[in-house]
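Listed here are the chains, written in short residue letters.
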Amino acid sequence: MTAPDSSTSPAAGGAPEAGGGALEAAGRPAPLIEVRGLRYRYPGAGTEALAGLHLVVSAGEFVAVVGANGSGKSTLARLLGGLEKPASAARAVACGHDLLDDEGRMAARRDVGVLFQNPENQLVAECVEDDVAFGLENLGWTPQAMRVRVDAMLARFGLAELRRREPHLLSGGQKQRAALAGVLAIPRRVLVLDEPTAMLDPAGRAEVLQAALELRAEGLAIVYVTQEMDEVVAADRAIALEAGAVVYEGGVPGLFRDGSLVRRLGLGLPAAGELALELAARGWSISPLPLTTGDLLAALGEKR
Amino acid sequence: MSAVEPETRAHGSAPVHGMSLACRDVGFSYQEAQTPIAALREVSFELAAGRSLALLGASGSGKSTLLQVVRGLDLPETGEVLLDGAVAGAAGYDGLQKQVGLVFQTPELQLFASSAREDVAFGPSRLGWSEDEVAAAVDEALDLVDLPPDRFGERHPYALSGGEQRRLALAGVLAMRPRLLLLDEPFVSLDPATRRELARILARLRAAGVTLVLATHDVDLAWALCDELLLLDHGRVAAGGAWDLGDAGRDLLAASRLREPFLVELWRRLGRDPREAPRTYAEAAEALA
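Scoring rules and cut-offs
Residues numbered from 1 in each chain as written. Chains lettered and ligands numbered in written order. Predicted model: local features only at pLDDT ≥ 70, side-chain atom pairs only at ≥ 80, totals over all residues. Helix = DSSP H or I, 4+ residues; strand = E, 2+ residues; numbered from the N terminus. Rg over C-alpha atoms; globule rule 2.2 N^0.38 Å. Buried ≥ 20, exposed ≤ 12 C-beta atoms within 10 Å, placed from the backbone. Contact = placed C-beta atoms within 7 Å. Core = buried A, V, L, I, M, F, W, Y, C linked by C-beta atoms within 7 Å. Domains from an automatic or database assignment. pLDDT = per-residue confidence, 0-100. Pairing = 2+ DSSP bridges. Right-handed = clockwise from strand over helix to strand, strands pointing away. Axes fitted to C-alpha atoms, helices over the stretch in contact; angles between N-to-C directions. Parallel < 35°, antiparallel > 145°, perpendicular 65-115°, else oblique. Left-handed = near helix turned anticlockwise from the far one by under 90°. Nonpolar A, V, L, I, M, F, W, Y, C, P; charged D, E, K, R; others polar. Expected span 1.5 Å × (residues − 1).

## A short note on the overall build of chain A
Now for step 1: When helices and strands are tallied, chain A shows twelve helices and ten strands.
Now for step 2: Relative to the globule expectation of 19 Å for 304 residues, the C-alpha radius of gyration of chain A, 20 Å, shows essentially globular dimensions.
Now for step 3: With the C-alpha coordinates of chain A rotated into their principal frame, the extents come out at 65 × 45 × 45 Å.
Now for step 4: Here chain A holds 304 residues, and the buried ones make up 51% of them.
Now for step 5: Contacts in chain A between residues far apart in sequence, at least 24 positions, make up 65% of those at least 6 positions apart.

## Topic: the overall build of chain B
Now for step 1: The helix and strand inventory of chain B stands at eleven helices and nine strands.
Now for step 2: Here chain B has a C-alpha radius of gyration of 19 Å; the compact-globule value for 289 residues is 19 Å, and the two agree.
Now for step 3: Oriented by its inertia axes, the alpha-carbon framework of chain B measures out at about 55 × 55 × 35 Å.
Now for step 4: Within chain B, residue pairs in contact and separated by at least 24 positions form 72% of the contacts whose partners lie at least 6 positions apart.

## A closer look at the nonpolar core
Now for step 1: If you look at the biggest cluster of nonpolar residues, it comprises 185 residues, and the most contacted ones within it are Ile33(A), Val63(A), Val190(A), Val223(A), Tyr224(A), Ala171(B) and Leu214(B).
Now for step 2: Sorting elements by how many residues they give to this core places helix H6 (residues 172–185) of chain A first, with seven residues.
Now for step 3: Shared between two domains, this core holds at least three residues of each, these being domain 1 (10–268) and domain 2 (269–304) of chain A.
Now for step 4: Leaving out residues up to four positions away in the same chain, Val190(A) has contacts with Leu32(A), Ile33(A), Ala94(A), Cys95(A), Asp111(A), Val112(A), Leu220(A), Ala221(A) and Val223(A).

## Describing the confidence of the model for chain B
Residue and element names in this part refer to chain B.
Now for step 1: The pLDDT averaged across chain B works out to 91; a share of 95% of its residues lies at or above 70.
Now for step 2: Scored below 50 in pLDDT, residues 6–11 makes eleven contacts in the model with residues more than four places away or belonging to other chains.
Now for step 3: Two numbers describe this predicted complex: its pTM, 0.87, and its ipTM, 0.86.

## Quick notes on unusual backbone geometry
Residues and elements named next belong to chain A.
Now for step 1: Look at the link from Ser-287 to Pro-288: it is a cis peptide, with omega at -5 degrees.
Now for step 2: With respect to the element layout, Pro-288 can be found in the loop between helix H11 (271–281) and helix H12 (293–303).
Now for step 3: Residue Arg-257 is not a glycine yet carries a positive backbone phi of 25 degrees.
Now for step 4: Within the fold, Arg-257 resides in the loop between helix H9 (252–256) and helix H10 (260–264).

## What about the pairing of strand S7 (residues 211–215) of chain B?
Residue and element names in this part refer to chain B.
Now for step 1: Here S7 lies mainly inside the structure; five of its five residues are buried.
Now for step 2: Neither face of S7 is exposed, since Thr-211, Val-213 and Ala-215 on one face and Leu-212 and Leu-214 on the opposite face are all buried.
Now for step 3: Relative to S7, strand S3 (residues 52–56) runs parallel, the two being bridged by four bridges. Bridging from a neighbouring strand, Leu-55 pairs with Ala-215 of S7.
Now for step 4: Between the parallel elements strand S6 (residues 180–184) and S7, the chain passes through helix H7 (residues 192–208) in a crossover that is right-handed.

## A closer look at the sheet that holds strand S1 (residues 21–32) of chain B
Strand pairing in a sheet relies on backbone hydrogen bonds, with the paired strands running either antiparallel or parallel.
Residues and elements named next belong to chain B.
Now for step 1: Across the sheet, which stays open at both edges, the three strands sit in the order S2-S1-S4 with antiparallel pairing between neighbours. Only two strands of the sheet have a single partner each, and these edge strands are strand S2 (35–47) and strand S4 (78–83). Going across the sheet, the axis of each strand differs from the next one's by a mean of 30 degrees, ignoring polarity.
Now for step 2: Here S1 runs beside S4; their pairing, made up of five bridges, is antiparallel. By the bridge assignment for S4, Leu-21 is matched with Leu-83.
Now for step 3: Docked against the sheet, helix H1 (residues 63–71) engages S1, S2 and S4, running at close to 65 degrees with respect to S2.

## Things to note about the packing of H11(A) against helix H11 (residues 281–288) of chain B
Now for step 1: Taken N-terminus to C-terminus, the directions of H11(A) and H11(B) make an angle of 55 degrees; their axes are 9 Å apart at the nearest point. Taken together, H11(A) and H11(B) sit at an angle that is classed as oblique. The handedness of the crossing between H11(A) and H11(B) comes out as right-handed. Judged by residue contacts, Glu274(A), Leu275(A), Glu278(A) and Leu279(A) of H11(A) engage Tyr281(B), Ala282(B), Ala284(B), Ala285(B) and Leu288(B) from H11(B).
Now for step 2: Looking at the contact of H11(A) with H11(B), its residues break down into seven nonpolar, no polar and two charged.

## Remarks on the sheet that holds strand S2 (residues 50–57) of chain A
Residues and elements named next belong to chain A.
Now for step 1: The strand order across the open sheet formed by four strands is S2-S1-S4-S5, and the pairing between neighbours is antiparallel. Since the sheet does not close on itself, it has two edges, and those belong to S2 and strand S5 (97–98), each with one partner.
Now for step 2: Helix H2 (residues 73–80) contacts strand S1 (33–40), S2 and strand S4 (91–94) of the sheet and is inclined by roughly 125 degrees relative to S1.

## Side note on the interface of chain A and chain B
Now for step 1: Every contact between the two is made by 30 residues of chain A and, on the other side, 33 residues of chain B.
Now for step 2: No other element matches H11(A), which puts five residues into the side of chain A that touches chain B.
Now for step 3: Along the lines of polarity and charge, the residues of the side of chain A that touches chain B split into 15 nonpolar, eleven polar and four charged.

## Concerning the pairing of strand S3 (residues 62–66) of chain A
All names here are of chain A.
Now for step 1: Here S3 lies mainly inside the structure; five of its five residues are buried.
Now for step 2: The alternating pattern of S3 places Phe-62, Ala-64 and Val-66 on one face and Val-63 and Val-65 on the opposite face, and all of these are buried.
Now for step 3: Bridge count for S3 against strand S8 (residues 221–225) is four bridges, and the pairing is parallel. The residue bridging Phe-62 from the neighbouring strand is Ile-222, located in S8.
Now for step 4: Here S3 runs beside strand S9 (residues 237–242); their pairing, made up of four bridges, is parallel. By the bridge assignment for S9, Ala-64 is matched with Ala-238.

## Thoughts on the confidence of the model for chain A
Now for step 1: In this model, chain A carries a mean pLDDT of 89, and residues with pLDDT of at least 70 account for 90%.
Now for step 2: Taken as a whole, residues 1–25 of chain A scores under 50 in pLDDT and shows 43 contacts with residues more than four places along the chain or in a different chain.

## Observations regarding the environment of Ser114(B)
Now for step 1: Tracing the chain through its elements places Ser114(B) in the loop between strand S5 (100–103) and helix H3 (116–121).
Now for step 2: The spatial distance from the C-alpha of Ser114(B) to the C-alpha of Ala91(B) is 38 Å, given a sequence separation of 23 residues.

## Brief notes about the domain arrangement of chain A
Residues and elements named next belong to chain A.
Now for step 1: Segmentation of chain A into domains returns domain 1 (10–268) and domain 2 (269–304).
Now for step 2: A straight line from the C-alpha centre of domain 1 to that of domain 2 covers 31 Å.
Now for step 3: With ten residues of domain 1 at the interface, the matching set in domain 2 holds ten residues.
Now for step 4: Among the elements of the structure, helix H8 (229–232) and H9 are those that each provide at least two residues to the side of domain 1 that touches domain 2.
Now for step 5: Here the side of domain 1 that touches domain 2 is built from residues that sort into five nonpolar, two polar and three charged.

## Structural notes on helix H6 (residues 162–174) of chain B
All names here are of chain B.
Now for step 1: Between its first and last C-alpha, H6 extends 19 Å over 13 residues, near the 18 Å set by a 1.5 Å rise per residue.
Now for step 2: Of all the 13 residues making up H6, twelve are buried; the element is thus mostly covered by neighbouring parts of the structure.
Now for step 3: Along H6, the residues classified as buried are Gly-163, Glu-164, Gln-165, Arg-166, Arg-167, Leu-168, Ala-169, Leu-170, Ala-171, Gly-172, Val-173 and Leu-174.
Now for step 4: Contacts from the buried residues of H6 go to S5, H3, helix H4 (131–144) and H7.

The structure is reproduced here in structure tokens:
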């Protein structure tokens, strides 16, 4: 079941799609991420984790990536960040660096930041400010430049007062903010977030999502992997993965449409949409399907 | 997240005589660089047999510690944990403690055996049961988590999907036939369909009579599954007992970095009494249609 506005189909495999040429012709900014026919297989695995995936993301775009457990989302995040070598691809470029090339991947690691689900695995230093400085130190920044940059990051993510705190004493949300500050201390053009809110309380979730939206406004390309359907609503576009390939690409309303595609993929609807489907089953259908509480309330108000 | 439809009769499971739980002034602290850090302070609450409790609170509020103390993995420094009214040291307490099951966060990381059946058998085989009793408990537990033993029993745990592994790990605890089941963030890292499936399994256990304590950040599932709540704030009880989701309840949740459940917010914004908000989408749709 491919959505009508999908520009990519699972059957396409590694073949480049017409959509790519159209993008460049339309005079939009050159994409920061452009992968076509991306393939990857874990050593010893029977099936491919990524089986001919296409994804194009431009500066200032926020693209949500959804899919059931095991559909390839985390593998995609690692490949986009230059952390793994693709098995093959017709094209795999991040910020102008060729991900198929060893040097290209090293360069991509500087321009593409990756934030993972569990901040514990990303915090390595003995205090927050050292952690935020860690990447800059490895890149050989001068102590003075480093101090200015680290101070800016600590202030931005509300960590200034926690700068001397040992990372393991932070709350979950604080840890994830510290990890994000560390990722972004190195000036990035693309930020890939892999289920960044999974371990967080609702307020921590809102903080991380808000930070990602602000970074989009500053011109970063955002690739946001999530299992939280309420978060998908904030994205400009969404792609859905199944068995390592894109089975939907397009607007968020099209992804959720009548709920059938997301159900089939092992996903779901935002809460407002789930309730709207229950109402529809009782003969009270709301179109288009509401995806936020506000939309649902407006629709309920009109019905009265 | 989808709410959970009620199931009146447990599927494939005999009624369970749930265990009552009470904590009286329970205190516990960690040593952190030679400094004790209080994780639980004067925690008191009661949970009647067969009731389900949502254990809520911000990250670091003490939820996991409380589960460990109730399970007996950590001893309270002050106060006491009562199981079916018995305190530690009372006759039969050890036996009661063995009827408390704890499902850790991401329990699938602890799967180790080369078949699903063998993994699930590990716990009950150490309870002194006969081989036949263990085999029956393993089959029953696999059925309870929707991994039928004839199809999944001989599968290698690592060959299962993430959601199946989570359910297999739950089966390993259920095979010991807990009368009180403690779950630490059971929905983390699962896709929505797998969460719905796990929620259905928990609803089934609840219907069978098992006493449940569910530590979670997912307030919507907590609202769907749990009769009562216990809200921890820096190791202290900030609220306990029946859900009170009037304005004060909402403010308390917000102060703990939580939000009110979707259906409660909806009821409030519709001008209805949030304290009478439905627990499931189906109930909500019935009330609205």
